[in-house]
Every structure is written in C-alpha cells, then in structure tokens.
Amino acid sequence: MTTSSHAPPSFRAGELTDPRLSAALRTLELTVRRRLDGVLHGDHLGLIPGPGSEPGESRMYQPGDDVRQMDWSVTARTTHPHVRQMIADRELETWMVVDLSASLDFGTAACQKRDLAIAAAAAITHLTSGGGNRIGAVVATGEQLVRIPARSGRIHAQSLLRGVATTPHARDGVRGDLRGAIESLRRPQRKRGLAVIISDFLGEIDWQRSLRAISARHDLLAVEVLDPRDLELPDVGDVVLHDPETGRTREFSVTPTLRSDFAAAAQRHREQVEQALRSCGAPVLTLRTDRDWIADVVRFVSTRRHSFGAPTGRVPRQ
C-alpha cells in the first residue's frame, strides 16, 4: 500500500539550503529512529548479521552450519564434526556507494528514487553507527565522485547525510558510472567490513567483476531502488520520453505490444542484476517509491536474522 506519510522527505533540489535541509534531514532521522529502534539490537552488523572474522570456540556441527567453518583438527580428535565459531569484530567499518546518477532523478509515486536512495543511506547509517563503528560514503553522479571519509559519531553521521543529500545533480546527458564508484572502494585496502551499494542498477552490468573483488574481503549488501515505471509502462497512448543519461528524447505510441515488450525487457534486466549480485554474495534489499520503504527494511532485516545459517542464506525477492 502506498501512503504519502511513508515517503521520505524530498531532496529533489539536491541543493536545499537551511533551514529546509536541516528540517528534511531531521524528519528523515526521526522516521528511521522511530521505526527501527527496538527492532534491531545486539548484533552491530545490523543488516548483515554474521559470524564475524575472529576465530572463537568450537562446537558440534549442526545441520545448516557453514561447512567452510569446519574445525578439522577438533573433528579429527573427537571423531565428531565440529565447526569453529567466529567472534564479531568489535568495531565495524561500513562504506556506502550511493548512486545519484541522472536515472535516479525520477519518480512517479510517493517520491523520487533519489529521495529513496538518501533515505536508504540514512537507514544504513543508523543501523551500522554507534559503539565506535565508522561509516563513510562514495557518492557517484557520473559527473563527479565524492568521497566522505569513514568516521564514527553522531555528528559525523549527520554531516555524511548532509553531504549525500546536497550532492549536485549531474548535467543532462551524463551517464552514471557505478563500476567506477565500486572500484574506488578497492584502494586503499581496509580491514574486513561492510560494503553497501545503493543504486537502481539500470544500465550496463559492467560492475560485477569489481564487486566480486570487494566481496573477497568484505560483507556486501545491495539496495535496489525502483520506481513502478522502471518495470512497466502505463497505458497513456502517445508520450514523449527523455533519457537523462544520454540526453535523447523520443516520442512513442504506448501500445499493448510495446508495454509487453518493455515489461519483459525490464524483468530480464532485473533477473540479470539479481544473478550478478548473487554471484558476488550480495543479498538484495529492494525499495520502491510506491511502497513503505521502512517496512521493507524491517522485513528484510527480520528475514535475514531468521534465515541466517540456513543452507541458502538468501532472502526471497518480492
């Protein structure tokens, strides 16, 4: 169900000035805190509950345990299969890649995809900060790449979100560069942490190799931001469509055949994106401009926590 009360505040201008910007960010922060506080607690990895990276005690193997954690020396000594439990790192460093390319300056429901991407960044920041954890961001428009260093503390978190929200829009005709943004996370090398990719993942899937390289060292999370019109065309007859990433404008007659072909092509692309992300070990949180995005975050996290340790470790797509 779509309700305007569930929409994130609008950052459509991209250059909001105080006090409007402060008010919008404060509204977003309160929305996140009210809906998520109490839902997530304990595991500071938040959206990606995991075993950590430091070795701990061994215990008997149970169905569903990750066989990669087998403790073969204890297994040989006791003649019973054992797995090595891992201790979560005490401090987590999270890096977000926030795609604010021109394709996200679009929305036909409760908000623009850009607003939803900023809201997702706010949720990730809230879920992973605290306790000395650090968070940083790479904001990519295709025209520029802005790096916000990883630091801890609430003041830094607010400054980070302000920096994301005020990122200027790319000029018309500038393509996004998600691969370049992901690639920028590879240097300098950092200790094991969490990498979050926030994008609509439209366009060429040329980022898979870079993301797989990141996954060798870090946990991954992909946040897919969609609008209904990314998936299907409405029955509107003649329409003029503009692609902001190429600058091209064309007139179409939206016929039943065109609608069917567009929906099929959109579905194929989503399946290819999902397959690419799955091959990199990245679970996918899908947020849509026509749904309650906070409820989707809560549902995703709850499912991840309940399914962790299952053989697939995957969350059903909606």
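- Identification of the protein chain as DUF58 domain-containing protein from Nocardia xishanensis is taken from an unreviewed UniProt entry.

### Structural notes on the overall build of the protein chain
Part 1: When helices and strands are counted, the protein chain shows nine helices and ten strands.
Part 2: For the protein chain, the residues scored as buried account for 45% of the 318 residues in total.
Part 3: Taking the contacts inside the protein chain whose residues are at least 6 apart along the sequence as the reference set, 75% of them involve residues at least 24 apart.
Part 4: Element-wise, carbon and sulfur atoms account for 51% of the exposed surface of the protein chain, whose accessible area totals about 16,000 Å².

### A few points about the sheet that holds strand S4 (residues 134–140)
Part 1: Within the open sheet, the six strands sit side by side as S5-S4-S3-S6-S7-S10. Their pairing is mixed. Only two strands of the sheet have a single neighbouring strand rather than two, namely strand S5 (145–151) and strand S10 (284–288). Across the sheet, the axes of successive neighbouring strands diverge by a mean angle of 15°, strand direction being ignored.
Part 2: Here seven bridges tie strand S3 (residues 93–99) to S4, and the two strands are oriented parallel to one another. Residue pairing for S4: Val-97 is matched across the bridge by Val-138.

### Let's talk about the layout of surface pockets
Part 1: Considered as a void within the structure, the largest pocket measures approximately 1,500 Å³ in volume.
Part 2: Considering the residues around the largest pocket, the lining is formed by 47 residues, among which Ser-103, Leu-202, Asp-230, Asp-243 and Phe-262 are closest to the centre.
Part 3: Of all the elements in the fold, those that place two or more residues in the lining of the largest pocket are helix H5 (178–183), strand S7 (219–226), helix H7 (228–231), strand S8 (237–243), strand S9 (248–254) and helix H8 (256–279).
Part 4: In terms of residues, the lining of the largest pocket owes the most to one element, H8, which gives seven residues.
Part 5: Partitioned by chemical class, the residues of the lining of the largest pocket number 21 nonpolar, nine polar and 17 charged.

### Comments concerning the packing of helix H3 (residues 113–128) against helix H4 (residues 154–165)
Part 1: Contact geometry for H3 and H4: axes closest at 10 Å, N-to-C directions at 165°. Taken as axis vectors, H3 and H4 run roughly antiparallel relative to one another. Seen along the crossing, H3 lies across H4 with a hand that is right-handed. Contacts between H3 and H4 involve Arg-114, Ile-118, Ala-121, Ala-122 and Thr-125 from the first element and Ala-157, Leu-160, Leu-161, Val-164 and Ala-165 from the second.

### What to know about H4
Part 1: Between its first and last C-alpha, H4 extends 17 Å over twelve residues, near the 16 Å set by a 1.5 Å rise per residue.
Part 2: Turning to H4, the residues buried within the fold contact helix H1 (20–36), S3, H3, S4 and S5.

### Points about empty space enclosed by the protein
Part 1: Within the structure shown, the criterion is met by two cavities of 30 Å³ or more.
Part 2: Approximately 90 Å³ is the volume attributed to the largest cavity.
Part 3: Around the largest cavity, the lining residues are Glu-93, Trp-95, Leu-185, Arg-190, Lys-191, Gly-193, Leu-194, Ala-195, Ile-214 and His-218.
Part 4: Elements that contribute at least two residues to the lining of the largest cavity include exactly S3 and strand S6 (194–199).
Part 5: Residue classes in the lining of the largest cavity are distributed as five nonpolar, two polar and three charged.

### Things to note about the nonpolar core
Part 1: Judged by nonpolar contacts, the single largest core of 44 residues is most densely connected at Met-96, Ile-198, Val-223 and Trp-293.
Part 2: Sort the elements by how many residues they give to this core and H3 lands first, with ten residues.
Part 3: What Ile-198 contacts, discounting residues up to four positions off in sequence, is Met-96, Val-97, Val-98, Asp-99, Ala-117, Ala-120, Ala-121, Val-223 and Val-225.
Part 4: Counting 23 residues, the second-largest nonpolar core is a separate cluster that includes Trp-95, Val-138, Trp-207 and Ile-214.

### With respect to the side chain of Thr-94
Part 1: Topologically, Thr-94 is positioned in strand S3.
Part 2: Of the residues examined, Thr-94 reaches a relative accessible area of 0% and is grouped as buried.

### Topic: unusual backbone geometry
Trans is the common state for peptide bonds, and a negative phi is the common state for residues other than glycine.
Part 1: For Thr-79, which is not a glycine, the phi torsion comes out positive at approximately 65°.
Part 2: In this structure Thr-79 comes out as exposed when scored by relative accessible area, which is 63%.
Part 3: Despite not being glycine, Phe-201 shows a phi value in the positive range, around 55°.
Part 4: Mapped onto the fold, Phe-201 is located in the loop between S6 and helix H6 (208–215).

Here is what the cut-offs are and how they apply
Residues numbered from 1 in each chain as written. Predicted model: local features only at pLDDT ≥ 70, side-chain atom pairs only at ≥ 80, totals over all residues. Heavy atoms only, no water. Helix = DSSP H or I, 4+ residues; strand = E, 2+ residues; numbered from the N terminus. Buried < 20%, exposed > 50% of the residue type's maximum accessible area, 1.4 Å probe, protein only. Contact = heavy atoms within 4.5 Å. Areas by Shrake-Rupley, 256 points an atom, 1.4 Å probe, with all protein chains shown as cover. Pairing = 2+ DSSP bridges. Axes fitted to C-alpha atoms, helices over the stretch in contact; angles between N-to-C directions. 1 Å grid on protein atoms, 1.4 Å probe; cavity = no way out; pocket = protein on both sides within 12 Å on 5 of 7 lines; lining within 4 Å. Points joined across faces, edges and corners; volume = space filled by probe spheres on them. Nonpolar A, V, L, I, M, F, W, Y, C, P; charged D, E, K, R; others polar. Parallel < 35°, antiparallel > 145°, perpendicular 65-115°, else oblique. Left-handed = near helix turned anticlockwise from the far one by under 90°. Expected span 1.5 Å × (residues − 1). Core = buried A, V, L, I, M, F, W, Y, C linked by side-chain atoms within 4.5 Å.

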